[in-house]
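Working through the structure, step by step
The chain contents come next:
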Amino acid sequence: MTNIALLGFGTVGSGVADVLCENAARIADKTGLSFHIKFILDLREFPNHPLGDRVVHDFNTILNDPEVSIVVEMMGGVHPAYDFSMAAIRSGKNVVTSNKAVVAAYGPELLEEARRQGVRYLFEASVGGGIPIIRPLTEQAAENDITEIVGILNGTTNYILTAMKNTGVTFDKALATAQALGYAEADPTADVDGFDTCRKICILAAVAFGTLVPYENVRTVGIRKVTAEDVAKAEVSGYAIKLVARALRTEGGVYLSVEPTAVKRSHPLYAIEDVYNGILVRGRVSGDLLFYGMGAGKLPTAGAVVTDILDIASRGNAQPLQSLWTRDASIYVPFLTASEEEETLATLGYPI
Ligand code: HSE
């Protein structure tokens, strides 16, 4: 029996409880593992929830309990989520997170400390919602020479742009629906202005290339200025406007960008619609790999969290494959050369 503690009982946190409880028999059958949610840390009480008696308000209750071996951080925001994660790792606990803001800000320190303590820091749900991408990309990075990642990494903006293209609704109406469906961040600015996508491409590039570029350095343009006219015009010419993130390893360093892009109908990202995300990974060994799935939403994201929990609980003390990142702002190149730009855009389309 593995005792776990959930930090945060919002959309993702309650989803993790649902997935673990509803699939307990299946998990036991396939892996021989069982889990007990011992504590739930939240500011609120949940008197009507079956796990309402597990709620605590003091993180030290979890930190000081030697039975808790996995802490699952789904709080959102950088502080105190980072501080709690680091404290848990320092006290020898594994940490799983869906919190891209923490991973993009403090990934190198948390991964380093986890390595030092002989525990894991896993973040599958921080990018791509329910898409398994961090684990496969970590494995690819060990045996493949990854040169480029191009992706649609935000479900909310993809939902909005798809609704504008296919049903002609206004930006505001599409955003309200995305929020009602639980896709958007609490502050949708993070989605709409591209900050969420920016943190996600920084994480993917760090997994692929081993170096975290500070997200503040990355040129990031959101979709606020994309008009219905832009969308319609692109469609007539055989393109669909998407919020595209790119990461390229060039001779000069790592190039990252987030910008609305008119994607050609022949490109695999063209067909990625609604809340779905798509990530094209290009490697010299693998050629092109395409990852596709629900980029946001309660159960898909919770499912990704649970895969990390299973990974930790099923591996015992073996030394697993886990990335270690350096932090290096100087590796970032803000512009591509004309020939690099031409090569990467040849099949994709053009930034608008
Ligand atoms: N707000 C995010 C999105 C949630 O829409 O993609 C998943 O990170």
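See the structure above.
First, a word on what this report is: a plain description of the structure on this page.

Quick notes on the rules
Residues numbered from 1 in each chain as written. Predicted model: local features only at pLDDT ≥ 70, side-chain atom pairs only at ≥ 80, totals over all residues. Heavy atoms only, no water. Helix = DSSP H or I, 4+ residues; strand = E, 2+ residues; numbered from the N terminus. Buried < 20%, exposed > 50% of the residue type's maximum accessible area, 1.4 Å probe, protein only. Contact = heavy atoms within 4.5 Å. Areas by Shrake-Rupley, 256 points an atom, 1.4 Å probe, with all protein chains shown as cover. Near = heavy atom within 4 Å. Polar contact = N/O pair within 3.5 Å; in protein donor to acceptor, adjacent residues only side chain to side chain. Expected span 1.5 Å × (residues − 1). Axes fitted to C-alpha atoms, helices over the stretch in contact; angles between N-to-C directions. Parallel < 35°, antiparallel > 145°, perpendicular 65-115°, else oblique. Left-handed = near helix turned anticlockwise from the far one by under 90°. Nonpolar A, V, L, I, M, F, W, Y, C, P; charged D, E, K, R; others polar. Pairing = 2+ DSSP bridges.

Section: the overall build of the protein chain
Helix and strand counts for the protein chain come out as 13 helices and 15 strands. Overall, the protein chain is about 60 × 45 × 35 Å in size when its C-alpha atoms are taken along their principal axes. In the protein chain, buried positions account for 57% of the 352 residues. Here the analysis covers contacts within the protein chain between residues at least 6 apart in sequence; of these, 73% occur between residues at least 24 apart. Counting only carbon and sulfur atoms, one obtains 53% of the accessible surface of the protein chain, whose full area is about 14,800 Å².

A word on the site of the ligand
Neighbouring the ligand are Lys100, Asn154, Gly155, Thr156, Tyr183, Ala184, Glu185, Asp191, Asp196, Lys200, Gly295 and Ala296. With respect to the ligand, the side chain of Asn154 contributes an N or O atom lying 3.4 Å from an oxygen atom. One of the backbone nitrogen or oxygen atoms of Gly155 is found 2.8 Å away from an oxygen atom of the ligand. For the ligand, the protein covers 92% of the area, taking 250 Å² as the surface of the free molecule.

Quick word on helix H12 (residues 298–315)
The first and last C-alpha atoms of H12 sit 26 Å apart over 18 residues, in line with the 26 Å expected at 1.5 Å per residue. Listing the buried residues of H12 in full gives Thr301, Ala302, Ala304, Val305, Val306, Asp308, Ile309, Asp311, Ile312 and Ala313.

Side note on the packing of helix H7 (residues 155–166) against helix H8 (residues 171–180)
Running from N to C, H7 and H8 cross one another at 135°; their axes reach a closest spacing of 9 Å. In terms of orientation, H7 lies oblique with respect to H8. For the pair H7 and H8, the crossing hand works out as right-handed. Of the residues in H8, those touching H7 at Thr156, Tyr159, Ile160, Ala163 and Met164 are Phe171, Ala174, Leu175, Thr177 and Ala178. Residues that form the contact of H7 with H8 fall into these classes: eight nonpolar, two polar and no charged.

Observations regarding the pairing of strand S13 (residues 287–294)
The pairing of strand S12 (residues 276–283) with S13 spans eight bridges and is antiparallel. Paired with Ile279 across the two strands is Phe291, which belongs to S13. The antiparallel hairpin formed by S12 and S13 contains three residues in its connecting segment.

What to know about the packing of helix H1 (residues 11–22) against H12
Describing two packed helices takes the angle between their axes plus the distance from one axis to the other. Relative orientation of the contacting elements H1 and H12 amounts to 65°, with a least axis distance of 8 Å. For the pair H1 and H12, the crossing hand works out as right-handed. Contacts from Thr11, Val12, Ser14, Gly15, Val16, Asp18, Val19 and Leu20 of H1 reach H12 at Lys298, Leu299, Thr301, Ala302, Gly303, Val305, Val306 and Ile309. Among the residues making up the contact of H1 with H12, the classes are represented as nine nonpolar, five polar and two charged.

Quick word on the environment of Tyr159
Turning to its location among the elements, Tyr159 is positioned in helix H7. Taking the C-alpha atoms as reference points, Tyr159 and Val71, separated by 88 residues in sequence, lie 32 Å from one another. Leave out the neighbours within four places in its chain, and Tyr159 touches Ala174, Thr177, Ala178, Leu181, Tyr183, Asp274 and Val275.

Considering the side chain of Lys165
Secondary-structure assignment places Lys165 in helix H7. Given the relative accessible area of 16%, Lys165 is considered buried. Polar side-chain contacts of Lys165 include one of 3.4 Å to the side chain of Glu273. Apart from residues no more than four positions distant in its own chain, Lys165 is found in contact with Val231, Glu235, Ala240, Tyr270 and Glu273.

Digging into the environment of Leu122
Within the secondary structure layout, Leu122 lies in strand S6 (residues 121–122). Of the residues examined, Leu122 reaches a relative accessible area of 8% and is grouped as buried. Each residue touching Leu122, except ones within four places of it in the same chain, is listed here: Val95, Val96, Thr97, Arg135, Asp308, Asp311, Ile312 and Gln322.

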